[in-house]
Amino acid sequence: MDAFLQGLALVFNFQTLLVIAGAAIFGVFVGAVPGLTATMAVALLVPITFYMDPTPAIAAIVTTSAMAIFAGDIPGTYLNIPGTPASAAYVGESHQLARQGRARETLGTNLVCSMFGGLFGTLVLVFVSPSLAEVALKFSSFEYFWLALLGLSCSIFISIGSKTKAFLSLLVGLLLSTVGLDMMSGAPRFTFGIPDLMAGVNFIPVMIGMFALNELMMFYGSRNEGRNVPAVHKDEVFSSVPKHLKRYWRNLLRGSSTGTLIGALPGAGADIAAWISYAMGKSRSKNRDAYGTGHIEGIVDASSANNSGISGAWVPALVFGIPGDSITAIVIGVLYMKGMNPGPTIFMDGGGLIYALFIVFFIANLIMLPIGYIAIRSAKVFILTPRKILMPIILCFCIVGAFAINNTITDVWIMLITGSVAFILARNDFPMAPAILGLVLGGTLENNFMSSMLKSNGDLLSFFSRPISASLGAMVILIWFLPLFIRLYRRYRGAPQSPRTP
Amino acid sequence: MKDFLLGLAFMAAGAIVYLVAQQFPTMPSLQYGPSLFPSLIGGGFMIGGLILAISHVGALKGIGHGMTWRMEREQLRNTLLSLLPALAIVFYILTSEWLGALLSLALVMFVLMLARRTPPLLALGVSLVAALIVDLLFSRYLLIPLPEGLMSIWG
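My aim in this report is to walk through the structure given alongside it, one point at a time. These numbers were taken from a predicted model, which means no experiment stands behind them. (Residues numbered from 1 in each chain as written. Chains lettered and ligands numbered in written order. Predicted model: local features only at pLDDT ≥ 70, side-chain atom pairs only at ≥ 80, totals over all residues.)

With that settled, consider the overall build of chain B. Assigned secondary structure in chain B consists of seven helices and zero strands. Ordered by position from N to C terminus, the α and β elements of chain B give α-α-α-α-α-α-α. Evaluated residue by residue, chain B yields a buried proportion of 32% over its 155 residues. When contacts within chain B are restricted to residue pairs at least 6 apart in sequence, those whose partners lie at least 24 apart make up 64%. (Helix = DSSP H or I, 4+ residues; strand = E, 2+ residues; numbered from the N terminus. Buried ≥ 20, exposed ≤ 12 C-beta atoms within 10 Å, placed from the backbone. Contact = placed C-beta atoms within 7 Å.)

Another point: the interface of chain B and chain A. If you look at the interface, chain B gives 48 residues, while chain A gives 44 residues. Contributing elements (two or more residues each) for the side of chain B that touches chain A: α1 (2-22), α2 (36-55), α4 (73-82), α5 (84-99), α6 (101-115) and α7 (120-141) of chain B. With eight residues, α2 of chain B is the largest single contributor of residues to the side of chain B that touches chain A.

Glancing now at the environment of V28 of chain A. All names here are of chain A. By the element assignment, V28 lies in helix α2 (residues 14-32). V28 gets classed as buried once you count the C-beta atoms within 10 Å, which come to 26. In the structure, V28 is positioned 25 residues away from A3 in sequence and 32 Å away in space, judged by C-alpha atoms.

What follows deals with unusual backbone geometry. Residues and elements named next belong to chain A. A positive phi angle, near 50°, is found at F192, a position not held by glycine. Here F192 shows up in the loop between β2 (188-189) and α10 (203-220). Non-glycine residue D429 carries a positive phi angle of around 65°. Judged by the 12 C-beta atoms lying within 10 Å of it, D429 is exposed.

As structure tokens, this is what we get:
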């Protein structure tokens, strides 16, 4: 109880509440401007949170990401351009509704579903994480090795598009994680004689490069300014929401639970949660034909899923230190910087920090309602912000933000190089999430492998000698061979139906 | 075609990573040394690159059958324009020490805004104000030692 009261005191003070309000407005702005993603917003925020206390720093990140994911629906509805990738799944649906003059009604439903999804994911986070943490206390280097490998494997197999490209993207991140002094021998690796690289590649300049500089380069390489607002609105924000929720409450619950589950899988973020929930909603709907013509049902599923995915991603991040998506990958670094080492002990340390984090999640999702309402009413201001003026300012924040981490120009070079590589890869449909996971989990994977080898005198079979370790190992192997099994199963099922040639 | 070339690039990068990793020192007490993970990564690059190249080898056949792979003028222009932010960062790195962060940032923003046809007066005003805000926020509020350069004359 004392820890809970301490948590309340950490959140309900002027500084933290001010940071939450500021982060909410920043999140709406970034989410609502097409081309600026929630991950980019968080990456840009990190250099500033570096100088804050742990609670306001985490509050800023949680609020910004939740608000940005909702606000991504605003340009999606009015312009048919998703503000963030998480809104892409149902952008056609919401834009069709806007063309019918129902933009505000659509966004009002989006807003309430986003809030519900976020709160649902938070409840799962609050109730599931402490129990999982008790299990995780029994973990040793063997289990953490498999867990890291499980996360990395999931990031490949869950990614949309070519698995080979996801694999190569993951290796890029893993390679970056090997830069610096080797943990066991102290030998420098890929440091090229640069003293700043001895401690390894700082992940924040990499994040800024991969998510902000990459987007900036994409913007300058296109001519799309996206400034016309063709749709007119004659409706009210919340007047039809109760009717929709009463009709589609099953979709709301299904979207929220699917989103939380997918968010918790490493490598799968809010965007994949939205795509899968939209597809699930469509396949189970009685009005399947209405999808794509402006049908609110699809929006209920997907918009609750993307926000619940944001909360769900925090479960593995807090309990095991394995990020659920790109945003929590950044958060893990911030937690380390703030002395809140992610892992099961975070729940045992006391001091109210973990309660403060849970409370922040509730506030971030509740504040979405009033600020989201204002954002919907003043949508034009956000979507008409000229990107040709905004983007150069963001570039300056990227430069100074990367520099501010260690006060060294090496980090600006790292941001430039990784951003340029990410630009080439992203333009050729390489997913970026595996690279980030590789960078964050690479050290965990290698260090736990080496520690395990030292403990077992180099016996590789020791990875299967403990029950939990063996189960996790079996899961990893199953994930690797799953595509093969599915292919064989399909061939087996498909064989009798295939036309026989004489 | 691009994927085929990227596959080859990954294979080359993998070979380099693998060769560099073989030069890392090993310790007799450790069965697996610092070269293990980089070697595996290098090997992974080579295998992944090979799969990517092989799966797009059809693009080469197309060229062999008279198709040409040429970048269109518009495409080339867009690719060059996309390099602008990267060049702006290089400019900042090279000039911020003697020009100062404030002026370098203002110049970077001004040029980038002009590149997207922002009216010059508006671009100048926004660049100066934004550079001042960024400089104040990071140097004065967050106490980041941004280079002062020419601005140090004013103390």
